[in-house]
Amino acid sequence: MILKIYYLSKLYLLEQIRRQVHLVTLFLAVILLMLPAYVNSFSLGLSAFERVAKDFGLTLISFYAVAMAIFLGVTAVSSDLERRTLYPLLARPIPRWAYLMGKFVGVLVVLVSSVLVLSCCLMLSIAALAKFADGQLIVVALCYALEASVLAAACIFFSTFSSPPLAGVLGVFLYFVGGLSQSFISFFLVEDRESPAVAMLARGLKMVMPHFDLFRVKNAVVYTLPLEPAYLLSITGYALAWMLLFVLLAERVFARKDL
Amino acid sequence: MSDLALEVRELRKTYKTVGGTQEALRGLDLSVRKGQVYGYVGPNGAGKSTSIKILLGLVRPDSGTALVMGHPAGSVEARRLLGYLPEVAVYHEFMGAEELLVLHAALAGVSASDRLSRCRTALEMVGLGSRMKSRIREFSKGMKQRFGIAQALVADPPLLVLDELTSGLDPIAQLELKELILSLKERGITIFFSSHMMSEVETVCDSIGIIHQGKLRAEGTLQDLLSIENRVAIHFRGPTDELAELNPQPAKAGEQVITVEQAGTDAALDRIRQAGGSILTVAPAKRHLEDVLHQLVTAGEAA
Ligand SMILES: Nc1ncnc2c1ncn2[C@@H]1O[C@H](COP(=O)(O)OP(=O)(O)OP(=O)(O)O)[C@@H](O)[C@H]1O
Ligand SMILES: [Mg+2]
């Protein structure tokens with residue numbers, strides 16, 4: 001069965017490469033590699049540049065990962081469904097969960113490998129100036145990849161019961177509400193006596209959603225703070241749990257679907 | 001072990017649609033014996049594709065049972081023994097034909113060492129031998145259909161379920177396909193296919209099922225269905241009013257045709273001559289599958 005999932009992922013990846021999805025990543029990689037060229041125009045000191053470059057680069061990577069996650073998650077299954085390329089595949093002796101898993105693993109590979117490439121480029125271009133390769137950059141970027149993977153799993157789930165545009169909107173909604181930081185909620189919403197209902201709603205919604213803010217550890221590397229391995233481990237476990245949940249939910253819906 | 005490749009009992013399916021519901025199957029029964037070539041015909045919207053999708057597990061029935069080679073339809077075991085050609089031929093169009101077929105073979109459980117040769121044989125069988133490296137998107141409609149047939153054959157399954165087998169194929173390809181079906185049949189493979197090409201169904205099928213409005217209306221061999229009795233068709237030109245009791249039907253270009261029992265041929269010919277008509281041809285009356293289908297459909301709609 002593992003082998004069949006591998007073949008399904010391979011099919012997905014080959015298709016994505018033929019669709020030139022990887023060129024988008026490469027385009028962004030080039031932008032990141034050219035960062036040092038801006039150093040004079042910033043006319044900041046080297047350490048300030050480093051900070052700005054890390055901040056800018058990582059933000060770019062995180063947006064990219066989120067956009068990719070929503071796009072790939074929403075299209076992974078629905079494009080097969082809409083083009084009906086699903087029929088010959090599901091006629092093969094594979095259970096539907098394996099099909100979903102194959103897609104998800106494919107999306108995962110695209111996300112993680114893109115983020116890896118991009119963060120390596122960022123690290124290199126900063127190292128070119130600062131003469132120091134900061135490996136933590138990659139760790140932070142991988143946390144973004146984790147966040148994006150959870151989001152992608154959610155989007156696959158959404159796409160099993162709604163149209164692609166709606167699934168995309170649900171994904172964006174999940175990303176924003178699930179990503180509200182605790183301090184943001186307590187500061188802006190809970191303290192606001194005018195609308196306790198809104199605060200309740202925000203808290204309640206967030207409670208049942210993945211806490212995306214947990215994955216945003218950019219400050220650690222921008223301000224060179226230490227990153228606890230235990231923390232990294234716990235958010236990885238947290239992310240895997242959510243992914244599993246979303247894939248299981250997707251399977252529940254998908255297995256009952258008339259195609 | 002039963003000798004039925006497909007066994008469908010009392011299958012019902014109602015789709016939910018925008019405006020309400022659409023009943024697609026209303027108690028469908030089917031039995032296809034192993035080794036048979038079975039033609040599945042019926043008008044558009046009769047429920048052919050719906051029932052085939054249920055056999056594949058792509059659609060869930062509301063009630064009834066369906067067994068594929070003795071396994072519940074849609075189970076992995078059932079799908080392992082079955083090659084499927086979908087009605088609409090769409091495949092991952094960015095993939096090369098051979099490349100995609102190898103992946104299909106792998107998913108179907110063909111061992112790694114056999115895959116490539118199996119795929120090449122399958123592509124050659126459907127006449128795509130010279131286009132193995134082409135991407136699917138570069139194929140014409142008929143070529144995609146051929147690819148679909150190759151994809152159904154690739155794992156060498158004992159049962160083929162082919163929806164709209166001849167759709168988009170040129171006349172030569174249809175002839176070749178007929179040969180292919182007969183050679184597969186010789187190897188003992190069961191073939192269940194739906195088609196709108198009655199001539200093809202007539203020539204290759206051992207058994208034919210006619211479905212209309214979600215129910216099987218007739219089933220049997222071609223002979224059973226056509227019930228070729230000893231009737232004779234007489235084409236003639238001449239007055240029709242005086243021959244009204246023979247019930248003449250207009251045929252092409254001012255000709256009339258009457259159909260009579262063989263024993264009454266002489267009498268009928270005499271009557272036509274007496275009335276001043278001239279005989280054009282006298283031939284055994286032949287019914288076609290189309291006629292049977294038409295008759296069943298009009299009868300079904302009247303009921
Ligand atoms: N996904 C669907 N949703 C709603 N109704 C459907 C769906 N698929 C089929 N139907 C309905 O079910 C009935 C049977 O359709 P089906 O596709 O099985 O017919 P068919 O015999 O294959 O026809 P054709 O010869 O045109 O392929 C039709 O009335 C059709 O409108
Ligand atoms: Mg059909």
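Definitions and cut-offs
- Residues numbered from 1 in each chain as written.
- Chains lettered and ligands numbered in written order.
- Predicted model: local features only at pLDDT ≥ 70, side-chain atom pairs only at ≥ 80, totals over all residues.
- Heavy atoms only, no water.
- Axes fitted to C-alpha atoms, helices over the stretch in contact; angles between N-to-C directions.
- Helix = DSSP H or I, 4+ residues; strand = E, 2+ residues; numbered from the N terminus.
- Parallel < 35°, antiparallel > 145°, perpendicular 65-115°, else oblique.
- Left-handed = near helix turned anticlockwise from the far one by under 90°.
- Nonpolar A, V, L, I, M, F, W, Y, C, P; charged D, E, K, R; others polar.
- Patch = residues over 30% accessible without salt bridge, like charges linked within 9 Å, V, L, I, M, F, W, Y side chains within 5 Å.
- Areas by Shrake-Rupley, 256 points an atom, 1.4 Å probe, with all protein chains shown as cover.
- Salt bridge = Lys/Arg side-chain N within 4 Å of Asp/Glu carboxyl O.
- Core = buried A, V, L, I, M, F, W, Y, C linked by side-chain atoms within 4.5 Å.
- Buried < 20%, exposed > 50% of the residue type's maximum accessible area, 1.4 Å probe, protein only.
- Contact = heavy atoms within 4.5 Å.
- pLDDT = per-residue confidence, 0-100.
- Pairing = 2+ DSSP bridges.
- Domains from an automatic or database assignment.
- Near = heavy atom within 4 Å.
- Polar contact = N/O pair within 3.5 Å; in protein donor to acceptor, adjacent residues only side chain to side chain.
- Buried area = accessible area lost by both parts, 1.4 Å probe.

Q: I'd like a description of the packing of helix α6 (residues 96-130) of chain A against helix α7 (residues 136-161) of chain A, backed by residues and values.
A: Residue and element names in this part refer to chain A. It is the contact of α6 with α7, at a shortest axis distance of 9 Å, that shows an interaxial angle of 155°. One element, α6, and the other, α7, form an angle in the roughly antiparallel class. Note on packing geometry: the crossing formed by α6 with α7 is right-handed. Residues belonging to the contact of α6 with α7 are distributed by class as follows: 21 nonpolar, two polar and no charged.

Q: Before we move on, could you go through a nonpolar patch on the surface and cite the residues and values that matter?
A: A surface patch of nonpolar side chains, amounting to about 360 Å² of accessible area, comprises A:V30, A:L33, A:M34 and A:L124. Positionally, A:M34 belongs in the loop between α2 (21-33) and α3 (39-42).

Q: If you had to explain the nonpolar core to someone new, which residues and values would you point to?
A: A general tendency of soluble globular proteins is for nonpolar side chains to be buried together. B:F147 and B:F192 are the most contacted members of the largest nonpolar core, which totals 162 residues. The greatest single-element share of this core, amounting to 18 residues, is contributed by α7(A). Not counting chain neighbours up to four residues away, the residues in contact with B:F147 comprise B:Y91, B:A97, B:L100, B:L101, B:L123, B:L128, B:I136 and B:F139. Formed by 10 residues, the second largest nonpolar core is a distinct cluster that contains B:F236, B:L243, B:A268 and B:I272.

Q: Account for the pattern of salt bridges, naming residues and giving values.
A: Residue and element names in this part refer to chain B. In this structure the tally under the stated criterion is 20 salt bridges over all chains. With a shortest N-O distance of 3.5 Å, E23 and R26 are connected by a salt bridge. Exposure remark for R26: the relative accessible area of 32% places this residue in the partly exposed category. The closest approach of N and O atoms between E245 and R271, which form a salt bridge, is 2.9 Å.

Q: With reference to specific residues and values, describe the side chain of B:S207.
A: Position of B:S207 among the secondary structure elements: in strand β9 (residues 207-212). The residues touching B:S207, leaving out its near neighbours within four places in the chain, are B:Q36, B:V37, B:Y38, B:G39, B:G220 and B:T221.

Q: If you had to explain helix α1 (residues 48-56) of chain B to someone new, which residues and values would you point to?
A: Because an α-helix packs 3.6 residues into every turn, residues spaced three or four apart end up facing the same way. Residue and element names in this part refer to chain B. In terms of burial, α1 is a largely internal element, nine of the nine residues being buried. Residues of α1 that are buried include every one of K48, S49, T50, S51, I52, K53, I54, L55 and L56, and no others. At the exit of α1 stands G57, carrying a positive phi of roughly 80°.

Q: Tell me about the confidence of the model for chain B, and name the residues and values.
A: Mean pLDDT over chain B works out to 89, with 98% of the residues at or above the 70 mark. Predicted as a complex, the structure gets a pTM of 0.86 and an ipTM equal to 0.84.

Q: Now, about the sheet that holds strand β11 (residues 231-237) of chain B: what can you tell me, with residues and values included?
A: Residue and element names in this part refer to chain B. Ordered by their spatial adjacency, four strands build an open sheet running β12-β13-β11-β14, and the pairing between neighbours is antiparallel. Since the sheet does not close on itself, it has two edges, and those belong to β12 (249-250) and β14 (278-284), each with one partner. One ladder, built from six bridges, connects β11 with β14; its direction is antiparallel. When the bridges of β14 are listed, R237 appears paired with S278. Packing against the sheet, helix α9 (residues 265-274) makes contact with β11, β13 (256-261) and β14, and its axis sits at approximately 10° to β11.

Q: Before we move on, could you go through the domain arrangement of chain B and cite the residues and values that matter?
A: Assigned domains of chain B: these are domain 1 (4-224) and domain 2 (228-287). For domain 1 of chain B and domain 2 of chain B, the distance between their C-alpha centres works out to 43 Å.

Q: Break down the site of ligand 1 for me, citing the residues and quoting the values.
A: All names here are of chain B. G45, K48, S49, T50 and E87 are the nearest of the 15 residues found near ligand 1. Within the side chain of E87, a nitrogen or oxygen atom sits 2.6 Å from an oxygen atom of ligand 1. Burial of ligand 1 by the protein chains amounts to 70% of its free accessible area of 630 Å². Elements that contribute at least two residues to the shell around ligand 1 include exactly β1 (4-17), β2 (20-33) and α1.

Q: Please set out the interface of chain B and chain A residue by residue, giving values where relevant.
A: Opposite the 32 residues of chain B that make contact, chain A presents 28 residues. Between chain B and chain A lies a buried interface of about 2900 Å² when both sides are counted; carbon and sulfur atoms form 61% of it. Ranking the residues of chain B by area buried against chain A places B:L58, B:H92 and B:L107 at the top, with a combined share of 26%. Scanning the region where chain B abuts chain A turns up two salt bridges. B:E99 serves as the salt-bridge partner of A:R18, at 2.8 Å between the closest nitrogen and oxygen. Where chain B packs against chain A, one counts 17 residue pairs in polar contact (both at pLDDT 80 or more). Of all the secondary structure elements, the ones that give two or more residues to the side of chain B that touches chain A are α1, α2 (76-80) and α3 (97-107) of chain B. Among the elements that line the side of chain B that touches chain A, the one with the most residues is α3(B), at six residues. Classifying every residue of the side of chain B that touches chain A by side-chain character gives 17 nonpolar, six polar and nine charged.

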